[in-house]
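Here is how the chains run, residue by residue.
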Amino acid sequence: MFFWKKSKEEKLAEEGDKGAILALIEKGKKEKAIEILERFKENKELRGLLFKLYMEEGKYYYAYQLIEHYDPDLASAKEKALIYEKVGELEKSAKEYAKLGDWESLKKAGMLLWQAKKPQEALEYLNRSLSLAPALKRQEVEEVINKIKEELGLLPKEGLLERLRKGLKKTKEAIEFGIIFAGRKIDEEFFEELEEKLIRADVGSKTTLYIVEELRKEAIRKNLKTSDQLLDSFKRLLLEQIGKCQASLKEPHEGQTVYLFLGVNGSGKTTTIGKLAYRFVKEGKKVLLVAGDTFRSAAIEQLEVWAQRSGAHIVKKHEGADPASVVYEAMQKAKDEGYDVILIDTAGRLHTKEPLIRELRKVRDVIKKFFPEEPTETLLVLDATIGQNSIQQAKVFKEAVDISGVVLTKLDGSAKGGAVVPICKDLGIPIKLIGVGEGIEDLQPFDAQAFVEELIS
């Protein structure tokens, strides 16, 4: 039997020889070095070396013990800030970050105090951060400040109109209707530019030509000279195109209310379901989500997240399960356990048109077997960013089942806000909800008048 002998260097290290300990560290034997150094915490020089190793190895709790029980001067303010943050001493961490004084550190201090339920102190640091932040970073600091102010009741929650205004920001920036109607001379160049802007907003060629021609006639008939004189007529013509498409979502009734959702993958269907679930749960309803899109595991997982986030319950099966069987199980559960609202997700694989149509009809038939008068709403979710292409999608879904309304999502992510017009005209289906942001409350009723006003403002 052989016994490994300790090297002379290791023996010296164990006696507290700094040079020998450093040699161990250079050879990658950091754990051995830490084990030795922990026996020499009273030695100031070796204690500093131990602290350095703790930080390098991410042993923040041990580093915390060193600075708390032996020597607070071992760590710089930046190191203390990190250590305190890692061990959950949020207020101490914030104090150390604040000592650094730059905008990022002050923001970090504010965020930590907010996390520690100290919103007033958090605002103090965040306001200091805002005053130092470069122009490109100011918005991210302001967003945190506004969230805290809203939480404290110092800032009113955004209303529907304000959310719509923000949601249409990209369209307004790209199209600038407000500028073209700001009193410029009415001539052929004006009409050509207006036509180009309407096409770019995805209003559609037929509607664009009609609107421009009507404005041209009015300018001649009334001998108008400047574009601002046509603004009210422009609003009226746009409103004529979409006013009839405004309709309210049918609210939950006594007993079970079923909402069936259709739409291609990526349209925002699952997110729409989640946001509605959140709203109905807030209203005191017992809500059940149904993961009927069984062809994508991501869709099932995403709906699970929304169930947790909203406080709703969920019925799901494994990927590839028969969607109608999932709906059957959910309808039975809803009936037995007295759910108020059932929100059903479905697959949207347009490349398999005929199977999709058969599948959706089968799902509808299962719903009617349990609740003959349902679904209360069959909602088609369309992505505003793809503009008029969504109309072709809608025609396929209309072949499968009767659609009672459209939900138009991602209006905040597109310069194609005008797509509301052809969707309304060509489909003849009421637009009931629009998505104007990623927030959980950014799904709102479609108000044609407000939409036109904000689009042109």
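In this numbering scheme, every chain counts its residues from 1 along its sequence in written order. Since the coordinates come from a predicted model, pLDDT governs what is reported: local features require at least 70, and pairs of side-chain atoms require 80 or more to be given and counted, while whole-chain, interface and lining totals use all residues. To obtain the side-chain values, all non-hydrogen atoms of the structure were used and water was disregarded.

**What to know about the overall build of the chain**
In this text, helices come from DSSP runs of H or I with a minimum length of four residues, and strands from runs of E with a minimum of two, each type numbered from the N-terminal end. Assigned secondary structure in the chain consists of 23 helices and eight strands. Taking 457 residues into account, the globule formula puts the C-alpha radius of gyration at 23 Å, and the chain, at 31 Å, lies well above it. Principal-axis analysis of the C-alpha atoms gives the chain an extent of 100 × 60 × 40 Å. Among the 457 residues that make up the chain, the fraction classed as buried is 48%. Within the chain, contacts between residues separated by at least 24 positions form 67% of all contacts whose residues are at least 6 apart in sequence. When the accessible surface of the chain is summed, it comes to about 22,900 Å², and 49% of that surface belongs to carbon and sulfur atoms. Counted charges follow a simple rule, with Lys and Arg positive, Asp and Glu negative, and His plus the chain ends left uncounted. Where a charge lies is defined by one atom per residue type, namely NZ (Lys), CZ (Arg), CG (Asp) and CD (Glu). Within the chain, one finds 77 positive and 78 negative side-chain charges whose respective centroids are separated by 1 Å. It is over C-alpha atoms that the radius of gyration is taken, and the globule rule equals 2.2 Å times the number of residues to the power 0.38. Under the scheme applied here, a residue whose accessible area is under 20% of the maximum for its type counts as buried, over 50% as exposed, and between as partly exposed, the area being computed with a 1.4 Å probe on protein chains only. Residues are treated as being in contact if the distance between any of their heavy atoms lies within 4.5 Å. Only the protein chains shown count as cover for residues, and all accessible areas are computed by the Shrake-Rupley method using a 1.4 Å probe.

**Some details on the state of the cysteines**
The definition used for a disulfide is geometric: two cysteine sulfur atoms within 2.5 Å. Summed over the entire model, instances satisfying the criterion amount to one disulfide. Two residues, Cys-245 and Cys-424, share a disulfide whose sulfurs are 1.7 Å apart. On the sign convention where negative means left-handed, the S-S torsion of about 95° between Cys-245 and Cys-424 marks this disulfide as right-handed. Here Cys-245 is found in the loop between helix 16 (231–242) and strand 1 (257–262), whereas its partner Cys-424 is found in helix 22 (residues 420–427), with 179 residues between them in sequence. Assessed through its relative accessible area of 5%, Cys-245 is described here as buried.

**Considering helix 2 (residues 18–26)**
Within the sequence span of helix 2, burial applies to Ala-20, Ile-21, Ala-23, Leu-24 and Ile-25. Taking the backbone nitrogen of Gly-19 as reference, a side-chain oxygen 3.0 Å away marks Asp-17 as the first, capping residue of helix 2. Within two residues after helix 2, Gly-28 carries a phi angle of roughly 85°, on the positive side. Here a polar contact means two N or O atoms within 3.5 Å. Within protein one must be a hydrogen donor candidate and the other an acceptor candidate, and residues neighboring in sequence count only if both atoms are side-chain atoms.

**Some words on the nonpolar core**
The nonpolar core is taken to be a set of buried Ala, Val, Leu, Ile, Met, Phe, Trp, Tyr and Cys residues, with the residues joined through side-chain atoms within 4.5 Å. By size, the foremost hydrophobic cluster in this structure holds 73 residues, and its most contacted members are Leu-194, Leu-215, Leu-230, Phe-234, Ile-242, Met-331 and Ile-344. At seven residues, helix 20 (residues 353–370) tops the list of elements feeding residues into this core. In contact with Leu-230, not counting residues within four places along its chain, are Phe-181, Ile-186, Phe-190, Phe-191, Leu-215, Glu-218, Ala-219 and Leu-224.

**Re the environment of Asp-426**
In this structure, Asp-426 sits in helix 22. For Asp-426, a relative accessible area of 47% translates into the label partly exposed. For the pair Asp-426 and Ile-391, spaced 35 residues apart in sequence, the C-alpha separation works out to 7.5 Å.

**Comments concerning the packing of aromatic side chains**
Two rings from Phe, Tyr or Trp (for Trp, the six-membered ring) form a pair when their centres are within 6.5 Å of each other. A pair whose planes differ by under 30 degrees is stacked, one over 60 is edge-to-face, and the rest are tilted. Taken as a whole and assessed by the stated rule, the structure comprises ten aromatic pairs. An angle of 25° between the planes, with centres 5.6 Å apart, marks the rings of Tyr-54 and Tyr-62 as stacked. Taking relative accessible area as the criterion, Tyr-54 reaches 1% and is therefore assigned buried. Three or more aromatic residues link up through ring pairs in this structure, and these residues are Tyr-54, Tyr-61, Tyr-62, Tyr-64 and Tyr-84. Here, a charge over a ring means that NZ of Lys or CZ of Arg falls within 6 Å of the ring centre while also lying within 35 degrees of the ring normal. Between Arg-216 and the ring centre of Phe-191, over which it is positioned, the NZ or CZ distance is 4.8 Å. In this structure, Lys-286 packs its charged tip against the face of Tyr-339, placed 4.6 Å from the ring centre.

**Comments concerning the pattern of salt bridges**
Any two side chains of opposite charge can pair, on the condition that their charged atoms come close. Criterion for a salt bridge: a side-chain nitrogen of Lys or Arg within 4 Å of a carboxyl oxygen of Asp or Glu. Taken as a whole and assessed by the stated rule, the structure comprises 32 salt bridges. Asp-322 serves as the salt-bridge partner of Lys-362, at 3.4 Å between the closest nitrogen and oxygen. Taken together, the positions of Lys-362 in helix 20 and Asp-322 in the loop between strand 3 (313–315) and helix 19 (323–337) put the pair 40 residues apart, joining distant regions of the chain. With a relative accessible area of 42%, Lys-362 lands in the partly exposed category. For Glu-337, the salt bridge goes to Lys-333, with nearest N and O atoms at 3.2 Å.

**Quick look at the sheet that holds strand 2 (residues 287–292)**
Paired strands are those between which DSSP finds at least two bridges. One open sheet accounts for eight strands, arranged 3-2-4-1-5-6-7-8; its pairing is mixed. Only two strands of the sheet have a single partner each, and these edge strands are strand 3 and strand 8 (443–445). Adjacent strand axes in the sheet meet at a mean angle of 25° when their direction is disregarded. Judged from the four bridges that link them, strand 1 and strand 5 (residues 377–383) form a sheet pairing that is parallel. When the bridges of strand 5 are listed, Phe-261 appears paired with Leu-379. Here an angle of 0 to 180 degrees is reported between the N-to-C directions of two axes, which are lines fitted to C-alpha atoms, with helices fitted over the stretch in contact.

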